[in-house]
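So you can see what is in the structure, the chains are spelled out below.
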Amino acid sequence: MASISSDPNGTRRILFTRPRDKRRVAIRLGHMPTKEARAICAGVEALVACAIAGTSMSDETARWVANMGDRLHGALAEHGLLSARRRVQLGEFLAGYRKRRTDVQGYTQANYGTVTTMI
């Protein structure tokens, strides 16, 4: 499903077929040891298999995705293997949290408001 290719200048890339349009694409990894490139290749293979089968990813693959860098995640999202990461500002997150917490009492809501306005 996925393979590792080494360029003449020593950089590595992962080649795989996109499930949505059956095109062969590459993700450039740059200079890195073969062992790390193999680990990334295995993760890409798992994501391609999930996309083809229409299943959710395993726990191991989900942990790998959660810990990967933004550059690799963006490249995989660009090819349809993952959804793009959404960045949320802290103030926006806290305001949404405060709205959802209807179970807390008045003083707690006031404290939430104080913290939200400090940011």
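Heads up: these notes are all about the structure in this document. No experiment lies behind these values; they were computed from the predicted model shown. (Residues numbered from 1 in each chain as written. Predicted model: local features only at pLDDT ≥ 70, side-chain atom pairs only at ≥ 80, totals over all residues. Heavy atoms only, no water.)

Brief notes about the nonpolar core
- Ile 14, Phe 16, Leu 29, Val 44 and Leu 76 are the most contacted members of the largest nonpolar core, which totals 20 residues.
- For this core, the secondary-structure elements that each account for two or more residues are strand 2 (12–17), strand 3 (24–30), helix 1 (34–53) and helix 3 (70–78).
- Element by element, the count of residues in this core is highest for helix 1, at six residues.
- If sequence neighbours within four positions are ignored, Phe 16 has contacts with Met 1, Ala 2, Arg 23, Arg 24, Val 25, Ile 27, Val 44, Val 48, His 79 and Leu 81. (Core = buried A, V, L, I, M, F, W, Y, C linked by side-chain atoms within 4.5 Å. Buried < 20%, exposed > 50% of the residue type's maximum accessible area, 1.4 Å probe, protein only. Helix = DSSP H or I, 4+ residues; strand = E, 2+ residues; numbered from the N terminus. Contact = heavy atoms within 4.5 Å.)

Let's talk about the pattern of salt bridges
- Summed over all chains, the structure comprises seven salt bridges.
- Between Arg 28 and Asp 7 there is a salt bridge; the shortest N-O distance is 3.2 Å. Of this pair, Arg 28 sits in strand 3 while Asp 7 is found in the loop between strand 1 (2–6) and strand 2, placing the two residues 21 residues apart along the sequence.
- By relative accessible area, Asp 7 is classed as buried at 14%. (Salt bridge = Lys/Arg side-chain N within 4 Å of Asp/Glu carboxyl O.)

Things to note about the packing of aromatic side chains
- In this structure the tally under the stated criterion is one aromatic pair.
- Taking the centre distance of 5.7 Å and the plane angle of 65 degrees together, the rings of Tyr 97 and Tyr 112 count as edge-to-face. Here Tyr 97, found in helix 4 (residues 90–100), pairs with Tyr 112, found in helix 5 (residues 106–118); they are 15 residues apart in sequence, far enough to count as distant.
- Among the residues examined, Tyr 97 registers a relative accessible area of 30% and is labelled partly exposed.
- Tyr 112 sits in the partly exposed class, given a relative accessible area of 22%. (Phe/Tyr/Trp six-rings, centres within 6.5 Å; stacked < 30°, edge-to-face > 60°.)

Brief notes about helix 1
- In a regular helix each residue adds 1.5 Å, so 20 residues correspond to 28 Å; helix 1 covers 28 Å between its end C-alpha atoms and thus fits that length.
- Listed in full, the buried residues belonging to helix 1 are Ala 37, Ile 40, Cys 41, Gly 43, Val 44, Leu 47, Val 48 and Cys 50.
- Contacts made by the buried residues of helix 1 are with strand 1, strand 2, strand 3, helix 2 (59–67) and helix 3.
- In the stretch just after helix 1, Gly 54 is the one whose phi turns positive, near 75 degrees. (Expected span 1.5 Å × (residues − 1).)

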